[in-house]
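# An overview of the molecular structure
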Amino acid sequence: MHNFDLIVLGGGAAGLLCAIEAGKRGRRVVLLERAEKIGKKILISGGGRCNFTNLQTQPKHFLSENPHFAKSALARYTPADFIALVEKHGISYHEKTLGQLFCDRSAMEIITMLESECRYANVKIVADAKISEVGRGTTFTVRCDATEYRAPALVVATGGISIPKMGATGFGYDLARQFGLNIVKTRPALVPLVFHPADRKRYSDLAGVSTDVIASAGNSAFREKMLFTHRGLSGPAILQASSYWREGEPLQIDLAPGREATEKIREAGTRTAAVAEKALREFLPSRLAERWLKFHPPKAWTNIALDAFERELHAWTVRPAGTEGYEKAEVTAGGVDTAELSSKTMESRKVPGLFFIGEVVDVTGHLGGFNFQWAWASAAAAGRAV
Ligand SMILES: Cc1cc2nc3c(=O)[nH]c(=O)nc-3n(C[C@H](O)[C@H](O)[C@H](O)COP(=O)(O)OP(=O)(O)OC[C@H]3O[C@@H](n4cnc5c(N)ncnc54)[C@H](O)[C@@H]3O)c2cc1C
């Protein structure tokens, strides 16, 4: 039997930072990680360079049943706090776009940094830990292989269910249920969308074609790149909109953001399909321009018909058949209901000493470093409270 002040389940972004914060305050911390190595998702994040935060982080960049929940933690552990840690370890980084900070070299540097901070804070890391039972009497007990760990506080940082190939499981949700906590239904988010068969037939051979759009779902709109895939649509604009998209609902795509696409057609002496294609090619890749005209041609060359053609270009309504699912989703939306947790500490209201942090909680960030910022911020909130 091993006694600690805190047991952290999960050695991803959130679990590691929480263990560090608690360890630095003199708490005896053990962190149990199921995989053979910690931080696997950090390693593949941001294309191997880890988009570790976003300078523009604000509560509006997060989805949750309770949009106010994340505010307190985000205000108390800001991008500047994580940047200070990165700089302390001499990791060079750059802003790619829109406040997104990436490592210059490799995501591995973030893992090495967290490992070294864990050593400094005397955190005991147990990898390859197969947890068979979690119980609660006067303290929490976690049975793991032949060992039993005990502590008055338990932090669950086991992440979501996206990318099951990397070992993601619903362990955190099961544990929440075991302790009687409500779960907001989970769904894949930041995920490519799949066309209905008819649209797939029309557009799948455009796979690889990308263009600047505004993609809207629910009440949210994102101006970024959209990418055609063999099965549907992807690219940052679609990934962002996918988090707001719900099964059966339409997705709206403005293919000509901020432009009057028909201006050149109207000005032309003779209005023809060739003139229209040339006009569209000014802002759409040629294959897409040609395909658009094939399936959405102006009904006539009158001003009224061109008005309708213009409107459709700005509001292409796609009804996706679904998403590419958790296999391709960057994150899991939904999760442990924030109504169950204190927004200051992430502690369960029903079960004192039990905390949930990171992706397992019903807080999901936009694309661009926000999910890591939530992991760090919720981790710090719990790590400073235990
Ligand atoms: C391909 C990809 C790229 C991404 N890129 C970015 C990016 O650049 N920027 C960004 O902000 N976000 C990015 N994300 C999202 C980000 O990785 C997650 O939001 C973040 O890792 C969540 O941190 P977490 O600690 O809550 O969960 P995780 O990082 O998933 O960590 C959970 C840990 O718990 C462990 N675990 C699971 N079950 C158990 C169990 N039963 N017992 C013990 N341990 C267990 C897992 O093995 C894992 O190590 C990306 C996601 C993916 C899939």
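Up top you'll find the structure we're talking about.
A few points on the structure. These numbers were taken from a predicted model, which means no experiment stands behind them.

Turning next to the overall build of the chain. On a plain count of helices and strands, the chain comes out with 13 helices and 23 strands. Along the three orthogonal principal directions, the C-alpha set of the chain runs to about 85 × 45 × 35 Å. Expressed as a percentage of the 386 residues in the chain, the buried residues total 54%. Contacts in the chain between residues at least 24 apart in sequence constitute 71% of all its contacts with a sequence separation of at least 6. As displayed, the chain offers around 16800 Å² of accessible surface, 51% of which is attributable to carbon and sulfur atoms. Distance from the positive charge centre (49 side chains) to the negative charge centre (41 side chains) of the chain: 1 Å.

Attention now goes to the site of the ligand. In the vicinity of the ligand there are 28 residues, among which Ala14, Glu33, Asn51, Glu359 and Phe372 approach most closely. Here an oxygen atom of the ligand sits 2.9 Å away from a polar atom, N or O, in the main chain of Glu359. Burial of the ligand by the surrounding chains reaches 91%, relative to a free accessible area of 1000 Å². At the level of secondary structure, the elements contributing two or more residues to the shell around the ligand comprise helix H1 (13-24), helix H2 (40-44) and helix H13 (370-383). For the shell around the ligand, the element with the highest residue contribution is H13, accounting for three residues. Taken together, the residues of the shell around the ligand sort by class into eleven nonpolar, twelve polar and five charged.

So, on to the pairing of strand E12 (residues 153-156). Consecutive side chains along a regular strand alternate between the two faces of the sheet. Here E12 shows a buried face lined by Ala153 and Val155 and a second buried face lined by Leu154 and Val156. By the bridge criterion, four bridges tie strand E2 (residues 6-9) to E12 in an arrangement that is parallel. Across the sheet, residue Leu9 finds its bridge partner in E12, namely Val156. As defined by bridge partners, E12 adjoins strand E22 (residues 354-356) across three bridges and the pair is classed as parallel. From the neighbouring strand, Val156 faces E22, where its bridge partner is Phe356.

Read from one edge of the open sheet, four strands run E1-E11-E10-E9, paired in mixed fashion. What marks the edges here is a single partner per strand, and that holds for strand E1 (2-3) and strand E9 (131-136). Where E1 lies against strand E11 (residues 147-151), two bridges are found, and the strand directions are parallel. Pairing of His2 across the sheet is with Tyr149, part of E11.

This part takes up the pattern of salt bridges. Scanning the model with the defined rule gives 19 salt bridges in all. Taking the shortest distance from any N to any O, the salt bridge between Glu148 and Arg143 comes out at 2.7 Å. A residue is classified by how much of its surface remains accessible, and Glu148, at 15% relative accessible area, is buried. Sharing partners across several salt bridges, the network here consists of Glu133, Arg143, Glu148 and Arg150.

Let us look at the environment of Gly137. Here Gly137 is to be found in the loop between E9 and strand E10 (140-144). Its relative accessible area of 56% is what places Gly137 among the exposed residues. Once the C-alpha coordinates of Gly137 and Ala151 are considered, the two residues, 14 residues apart in sequence, prove to be 10 Å apart.

Moving on: empty space enclosed by the protein. Under the defined criterion, the tally for this structure stands at one cavity of 30 Å³ or more. Taken as a whole, the largest cavity holds about 30 Å³ of empty space. Elements represented by at least two residues in the lining of the largest cavity include exactly strand E14 (193-194) and strand E17 (232-234). A breakdown of the residues in the lining of the largest cavity according to their chemical character gives seven nonpolar, one polar and no charged.

Turning our eyes to something else, we now look at the nonpolar core. One finds Phe82, Ile110, Phe356 and Trp374 to be the most contacted residues of the largest nonpolar core, which totals 84 residues. No other element matches H13, which puts ten residues into this core. One finds Val209, Trp245, Ala279 and Leu293 within the second-largest nonpolar core, a separate group that totals 38 residues.

What follows concerns the packing of H1 against H13. Direction vectors running N to C along H1 and H13 enclose 35 degrees, while the axes themselves pass 8 Å from each other. At the point where H1 passes H13, the crossing takes the right-handed sense. Between H1 and H13, the contacting residues are Ala13, Ala14, Leu17, Cys18, Glu21 and Ala22 on the first element and Phe372, Ala375, Trp376, Ala379, Ala380, Ala382 and Gly383 on the second. Residues belonging to the contact of H1 with H13 are distributed by class as follows: eleven nonpolar, one polar and one charged.

Cut-offs and rules
- Residues numbered from 1 in each chain as written.
- Predicted model: local features only at pLDDT ≥ 70, side-chain atom pairs only at ≥ 80, totals over all residues.
- Heavy atoms only, no water.
- Helix = DSSP H or I, 4+ residues; strand = E, 2+ residues; numbered from the N terminus.
- Buried < 20%, exposed > 50% of the residue type's maximum accessible area, 1.4 Å probe, protein only.
- Contact = heavy atoms within 4.5 Å.
- Areas by Shrake-Rupley, 256 points an atom, 1.4 Å probe, with all protein chains shown as cover.
- Lys, Arg positive; Asp, Glu negative; His and termini not counted.
- Charge placed at Lys NZ, Arg CZ, Asp CG, Glu CD.
- Near = heavy atom within 4 Å.
- Polar contact = N/O pair within 3.5 Å; in protein donor to acceptor, adjacent residues only side chain to side chain.
- Nonpolar A, V, L, I, M, F, W, Y, C, P; charged D, E, K, R; others polar.
- Pairing = 2+ DSSP bridges.
- Salt bridge = Lys/Arg side-chain N within 4 Å of Asp/Glu carboxyl O.
- 1 Å grid on protein atoms, 1.4 Å probe; cavity = no way out; pocket = protein on both sides within 12 Å on 5 of 7 lines; lining within 4 Å.
- Points joined across faces, edges and corners; volume = space filled by probe spheres on them.
- Core = buried A, V, L, I, M, F, W, Y, C linked by side-chain atoms within 4.5 Å.
- Axes fitted to C-alpha atoms, helices over the stretch in contact; angles between N-to-C directions.
- Left-handed = near helix turned anticlockwise from the far one by under 90°.

All quantities given are derived from atomic positions and should not be read as evidence of function.
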